[in-house]
Amino acid sequence: MSLEVQVTVDAEDPGALATFWAAALGYVVQAPPPPFGSWDEALEAWGIPPERRNDASAAVDPDGRGPRMFFQRVPEGKTVKNRVHLDLRAAPGLAGEERMAALEAEAARLLGHGATRLLRVEPDPPLIGGNIVMADPEGNEFCLD
């Protein structure tokens, strides 16, 4: 039996990162449980003080196939390169200039959501197809692959 996977990311602003990654992945920010119409309504009912209402957030695949992305507030900021990162498969099956054009289009879209472009790796067949290294709004690296 396999286990379900959740990707957990430490954050300064969990709500903002959940919104960014929902846009990046085609996910949605996780809705509150019934009967609540909003997270503010749920957190108010549960007695969570306003200053703690952005301690966590999540983005989920609306089709239920991909892993849940969970963002949790931590007191310290990011200080070094990620040991694990996400590869967003933005150009599967493409090669050469067609691949790089698809990656550039996705990079431009994500820049509009607050990502930062870090590096373009040119194709070097047969082993390197080319990719673009980016960072989310809090500096967490990911690749467009």
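Here is what the cut-offs are and how they apply
Residues numbered from 1 in each chain as written. Predicted model: local features only at pLDDT ≥ 70, side-chain atom pairs only at ≥ 80, totals over all residues. Heavy atoms only, no water. Pairing = 2+ DSSP bridges. Helix = DSSP H or I, 4+ residues; strand = E, 2+ residues; numbered from the N terminus. Salt bridge = Lys/Arg side-chain N within 4 Å of Asp/Glu carboxyl O. Buried < 20%, exposed > 50% of the residue type's maximum accessible area, 1.4 Å probe, protein only. Core = buried A, V, L, I, M, F, W, Y, C linked by side-chain atoms within 4.5 Å. Contact = heavy atoms within 4.5 Å. Phe/Tyr/Trp six-rings, centres within 6.5 Å; stacked < 30°, edge-to-face > 60°.

## Overview of the pairing of strand β4 (residues 68-73)
Here comes step 1: The sheet contact formed by strand β1 (residues 6-11) and β4 spans six bridges and is parallel. Residue pairing in the sheet places Val7 in a bridge with Met69 of β4.
Here comes step 2: As paired strands, strand β3 (residues 56-60) and β4 are joined by four bridges and run antiparallel to one another. Bridge assignment links Ala59 to a residue of β4, and that residue is Met69.

## Things to note about the pattern of salt bridges
Here comes step 1: For the structure shown, the criterion picks out 11 salt bridges.
Here comes step 2: With its nearest N and O atoms 2.7 Å apart, the salt bridge here joins Arg109 to Glu106. In this pair, Arg109 and Glu106 are both assigned in helix α3 (residues 96-111), three residues apart and thus about one turn of the helix distant.
Here comes step 3: We classify Glu106 as buried; its relative accessible area is 18%.
Here comes step 4: Where salt bridges share partners, they join Glu104, Arg117, Arg120 and Glu122 into one cluster.

## What to know about the pairing of strand β8 (residues 141-144)
Here comes step 1: Neither face of β8 is left uncovered, since the one carrying Glu141 and Cys143 and the one carrying Phe142 and Leu144 both have all their residues buried.
Here comes step 2: Bridge count for strand β5 (residues 86-88) against β8 is three bridges, and the pairing is parallel. When the sheet's bridge partners are listed, Leu88 is paired in β8 with Leu144.
Here comes step 3: As judged from the four bridges shared by strand β7 (residues 131-135) and β8, these two strands associate in the antiparallel manner. What sits directly across from Ala135, in β8, is Glu141.
Here comes step 4: Counted between consecutive antiparallel strands, the loop separating β7 from β8 contains five residues, among which Gly139 sits at a positive phi close to 95°.

## With respect to the nonpolar core
Here comes step 1: Counting 23 residues, the largest nonpolar core has Trp21, Phe71, Leu110, Met134, Phe142 and Leu144 as its most contacted members.
Here comes step 2: Among the elements of the structure, β1, α1 (14-25), β4, α3, β7 and β8 are those that each provide at least two residues to this core.
Here comes step 3: Counting residues per element, this core draws most heavily on α1, which supplies six residues.
Here comes step 4: Residue contacts for Phe142: discarding those within four places in its chain leaves Phe20, Trp21, His85, Leu86, Leu88, Leu110, Ala115, Ile132, Val133, Met134, Ala135 and Asp136.

## A word on the packing of aromatic side chains
Here comes step 1: For the structure on display, the rule yields five aromatic pairs.
Here comes step 2: Look at Phe20 and Phe142: their rings are 6.2 Å apart centre to centre, the planes differ by 55°, and that puts the pair in the tilted class. Of this pair, Phe20 sits in helix α1 while Phe142 is found in strand β8, placing the two residues 122 residues apart along the sequence.
Here comes step 3: The buried category is assigned to Phe142, whose relative accessible area is 0%.
Here comes step 4: Arranged with centres 5.0 Å apart and planes meeting at 70°, the rings of Trp21 and Phe142 form a pair that is edge-to-face. Taken together, the residues Trp21 in helix α1 and Phe142 in strand β8 connect sequence positions 121 residues apart.
Here comes step 5: Chaining the aromatic ring pairs together yields one cluster made of Phe20, Trp21 and Phe142.

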